[in-house]
Amino acid sequence: MNEEQRKHGQQSKSATPSDQKSEKDYSKYFQSVYVPPSLKDAKKRGKEEISYHSDFTIEDQYRGLGNGKKFYIRTYGCQMNEHDTEVMAGIFMALGYEATNTTEDADVILLNTCAIRENAENKVFGELGHLKHLKREKPELLIGVCGCMSQEESVVNKILKTYQQVDMIFGTHNIHRLPKILSDAYMSKAMVVEVWSKEGDVIENLPKVRRGNIKAWVNIMYGCDKFCTYCIVPYTRGKERSRRPEEIIQEVRHLAAQGYQEITLLGQNVNAYGKDIEDLEQYGLGDLMDELRKIDIPRIRFTTSHPRDFDDHLIEVLAKKGNLVEHIHLPVQSGSTDVLKIMARKYSREQFLELVRKIKLAMPDVSLTTDIIVGYPNETNEQFEETLSLYREVGFESAYTYIYSPREGTPAAKMNDNVPMEVKKERLQRLNALVKEFSAEAMKKYQGQVVEVLVDGESKKNPDVLAGYTRRSKLVNFKAPNSMIGKIVKVKIIEAKSWSLDGEFIEEGSIGTEFQEPVEVN
Ligand code: 5AD
Ligand code: SF4
């Protein structure tokens, strides 16, 4: 361990061996000097200090490292990963690299990976296989794996053993070290591995290259301490640590001044925001939102919520509306109290329904969406039926649905499972049919209504049509001049489909007012 690791209490960081990658016993040698990321260590978190660093700079020795070179980042998984990619792109640009959107053209390729389900990981291993020939044709090409998969010991070992085309592996806590990691990778023929298991840092001032100039993501917190029994995130993303409110407010103000129209506040469990900030007693997401709503930016969203920490003050603040939109993504995971208990979600079906009741009372026009896992170990048919009935009772407007995927190192992975895969698939199909029915139902209510749409750009399916989202996150397609892209416009809905709305452009909306009432009616 070096001084910096000791300071942060980190458990693992590689040494880069000086021998050649081509040697057969390379991985063996590596094992003897390299401490892998440990899921166990990641869980052993206490009340260690969170240190805030506001002084990120590119050290002189790394300046110009990328001059004349191009980088390519492929992102898998959630918005947190997308936003990490924006930060890494910012660091690349600060080092002198240029962006490219083809792997053939790139001098550095990074795969920013997701570990949440097995199929997400398989995609990455497949892609690494494809990249092998590029590396053969262009040996000076650097290939890196970062993101959540690199926090898993088994993945790091598999890459060390089988994917020798990889030059760098670095974890979610090591993004700010990218200049050093790149520089090490250029200097050494061996794989550079830098993954820390524990992290208590918040690093401000990181450069960012945001995708687009209409919508922006803003991290409000990192990590998760909930340890739901199926979930790998608390291990791969570390402990909960909040950014200071003044930093967040300043970033949102700055984005507003740059003309951004929508902000999404990001965190694995945003409702735990502020709990770890010791000098701010009782300061939570509700307080932060109450300050952010005064900023002159048309829309503010947040994701993802945990029902357990969703408090009354937040509901009260969200009900003030203005730029706080009427859409809440509230993952429930299951409708059965028994399954929720095994999942360690820390709420019952009844408590969830009570929360929904309170939210709807304060915001009768709210749109609720959710995440659901089917086929949890030993889930009975009755328990699954409870999920369907809860979905109906809440009246969710849409959902992301998943078949449970065991993740090594999590408690659920050790549970015996008596539910055959065909049964899990059948449950998923039944749930998806219900999700579609309810989405279509929600869309139908918009028929003939006028909605406000933030225009993202041309529709992916038809470049003659523009596409954008309402405050309640409904996708709307309509014809209008391209000059409307990036604006909030009024559209009359002509046809409601299952997942989207078709409409006619009416006019450019009145935007930018702080307390503008939405035009949509639900
Ligand atoms: N298997 C299936 N789905 C999972 N999710 C998280 N972990 C797993 C897993 N092991 C789902 C949850 C979560 C969403 C982001 O991914 O529904 O809310
Ligand atoms: Fe995973 Fe979300 Fe549970 Fe955290 S709250 S453990 S990120 S499902």
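Calculation notes
Each chain carries its own residue numbering, running from 1 in the direction its sequence is written. Chain A is the first chain written and ligand 1 is the first ligand written, with later ones labelled in order. pLDDT decides what is reported in this predicted model: residues at 70 or higher carry local features, side-chain atom pairs at 80 or more are listed and counted, and totals for whole chains, interfaces and linings draw on all residues regardless. The side-chain values count all of the structure's non-hydrogen atoms but skip hydrogen atoms and water molecules. Two strands form a pair only when DSSP identifies at least two bridges running between them. Where helices and strands are cited, they refer to DSSP runs of H or I of at least four residues and of E of at least two residues respectively, numbered from the N terminus. Axes, fitted as lines to C-alpha atoms, cover a helix only where it is in contact. Angles between the N-to-C directions of the axes lie from 0 to 180 degrees. Only heavy atoms are used to decide nearness, and a residue is near a molecule or strand if one of them lies within 4 Å of it. Here the nonpolar group is Ala, Val, Leu, Ile, Met, Phe, Trp, Tyr, Cys and Pro; Asp, Glu, Lys and Arg are the charged ones; every other residue, Gly included, is treated as polar. What makes a crossing left-handed is the near helix being turned counterclockwise from the far one by less than a right angle; a clockwise turn instead makes it right-handed. Only heavy atoms matter for contacts: two residues are in contact if any of them lie within 4.5 Å across the pair. Only residues whose relative accessible area exceeds 30% and that form no salt bridge enter a patch; like-charged residues are grouped when within 9 Å of one another, and nonpolar side chains (Val, Leu, Ile, Met, Phe, Trp, Tyr) when within 5 Å. Method for areas: the Shrake-Rupley scheme with a 1.4 Å probe, in which residue coverage is limited to the protein chains shown. Should a side-chain nitrogen of Lys or Arg be within 4 Å of a carboxyl oxygen of Asp or Glu, the pair is scored as a salt bridge. Just so you know, the count uses Lys and Arg for positive and Asp and Glu for negative, and it drops His and the chain ends. A charge is said to be at NZ when it belongs to Lys, at CZ for Arg, at CG for Asp and at CD for Glu. Definition of a polar contact: a pair of N or O atoms within 3.5 Å, with one able to donate and the other able to accept a hydrogen when the atoms are protein atoms, and with sequence-neighbouring residues admitted only if both atoms are side-chain atoms. Working definition: with a 1.4 Å probe on protein chains only, accessible area under 20% of the residue-type maximum means buried, over 50% means exposed, and in between means partly exposed. Whether a crossover is right-handed comes down to one check: with the strands pointing away from the viewer, does the path from the first strand over the helix to the second run clockwise; if it does, it is right-handed. Cavities and pockets were defined on a 1 Å grid built over protein atoms only: a cavity is a set of grid points that admits a 1.4 Å probe from which the probe cannot escape, a pocket is an open set flanked by protein on both sides within 12 Å along at least five of seven lines, and lining residues are those with an atom within 4 Å of any such point. Grid points are joined across faces, edges and corners, and a volume is the space filled by probe spheres set on the points. Domain borders in the structure are assigned automatically or taken from a domain database.

Asker: Honestly, the sheet that holds strand β19 (residues 475–479) in this entry has me stumped. Any pointers?
Answerer: Neighbouring strands of a sheet are bound in pairs by backbone hydrogen bonds; such pairs are parallel or else antiparallel. Pairing within the closed barrel is mixed, and its 5 strands lie in the order β17-β18-β19-β21-β20. Across the sheet, the mean angle from the axis of one strand to that of its neighbour is 50°, orientation sign disregarded. As paired elements, strand β17 (residues 450–458) and strand β18 (residues 466–469) share 4 bridges and run antiparallel to each other. Opposite Val455, over in β18, you have Gly468 as the bridge partner.

Asker: Is there a simple way to explain the site of ligand 2 in this structure?
Answerer: Every residue near ligand 2 is listed here: Cys224, Lys226, Phe227, Cys228, Tyr230, Cys231, Val233, Pro234, His306 and Arg345. A breakdown of the residues in the shell around ligand 2 according to their chemical character gives 7 nonpolar, 1 polar and 2 charged.

Asker: I would appreciate a short explanation of the packing of helix α9 (residues 245–257) against helix α10 (residues 285–292) in the present structure.
Answerer: When two helices pack together, their arrangement is captured by the angle between the axes and the distance separating the axes. Their axes nearest at 10 Å, the elements α9 and α10 cross at an angle of 30°. Relative to α10, the crossing made by α9 is right-handed. Counting all contacts with α9, which are made through Pro245, Ile248, Ile249 and Val252, the residues of α10 involved are Leu288, Glu291 and Leu292. Residue composition of the contact of α9 with α10, by class: 6 nonpolar, no polar and 1 charged.

Asker: Is there a simple way to explain a positive patch on the surface in this structure?
Answerer: On the surface, a cluster of positive charge is made up of Lys40, Lys43, Arg308, Lys346 and Lys414. Relative to the elements of secondary structure, Lys43 occurs in helix α3 (residues 39–43).

Asker: Quick question: what am I supposed to make of the site of ligand 1 here?
Answerer: Ile116, Arg117, Tyr230, Gln333, Asp371, Ile373, Tyr402, Ile403, Tyr404, Ser405 and Arg407 make up every residue found near ligand 1. Within the contact set of ligand 1, an oxygen atom lies 3.0 Å away from a side-chain nitrogen or oxygen of Arg117. Between Ser405 and ligand 1, the recorded distance is 2.8 Å, taken from a backbone N or O atom to a nitrogen atom. Compared with its free state, where it exposes 400 Å², ligand 1 has 88% of that area covered by protein. Sorting the residues of the shell around ligand 1 by element identifies β15 (367–374) and β16 (398–403) as the ones contributing at least two each. Within the shell around ligand 1, the residues separate by chemical class into 6 nonpolar, 2 polar and 3 charged.

Asker: How should I be thinking about the pairing of β16 in this particular structure?
Answerer: Residues in a regular strand project their side chains so that they alternate between the two faces of the sheet. Of the two faces of β16, only one is covered, namely that formed by Ala399, Thr401 and Ile403; the face formed by Ser398, Tyr400 and Tyr402 stays uncovered. Once you follow β15 into helix α14 (residues 381–394) and on to β16, the crossover reads as right-handed.

Asker: I keep staring at the pairing of β17 and nothing clicks. Help me out?
Answerer: Bridge count between β17 and strand β20 (residues 488–496): 5 bridges; the pairing is antiparallel. The residue of β20 that forms the bridge with Val451 is Val491.

Asker: Explain the sheet that holds strand β14 (residues 327–329) to me, please; I cannot follow it from the model alone.
Answerer: Strand order in the open sheet formed by 3 strands is β14-β15-β16, with parallel pairing between adjacent strands. Edge positions in the open sheet fall to β14 and β16, since each of these has one partner strand only. Neighbour-to-neighbour, the strand axes of this sheet turn through a mean angle of 10°, independent of strand direction. Bridge count for β15 against β16 is 6 bridges, and the pairing is parallel. Considered in β16, the bridge of Ile372 is made with Thr401. Packed on one face of the sheet, α14 meets β15 and β16 and runs near 175° to β15.

Asker: Teacher, can you tell me more about empty space enclosed by the protein here?
Answerer: Sizing a probe to match a water molecule and rolling it over the atoms shows the empty space that remains. Using the criterion set out here, one finds 3 cavities of 30 Å³ or more in the structure. The volume enclosed by the largest cavity comes to roughly 340 Å³. Around the largest cavity sit 23 residues that line it, and Asp84, Thr172, Ile203, Leu206 and Tyr222 are the ones nearest its centre. At the level of elements, α4 (79–94) and β8 (201–203) are the ones that each hand at least two residues to the lining of the largest cavity. Mapping the lining of the largest cavity onto the domain boundaries places at least three of its residues in each of domain 1 (3–194) and domain 2 (207–444).

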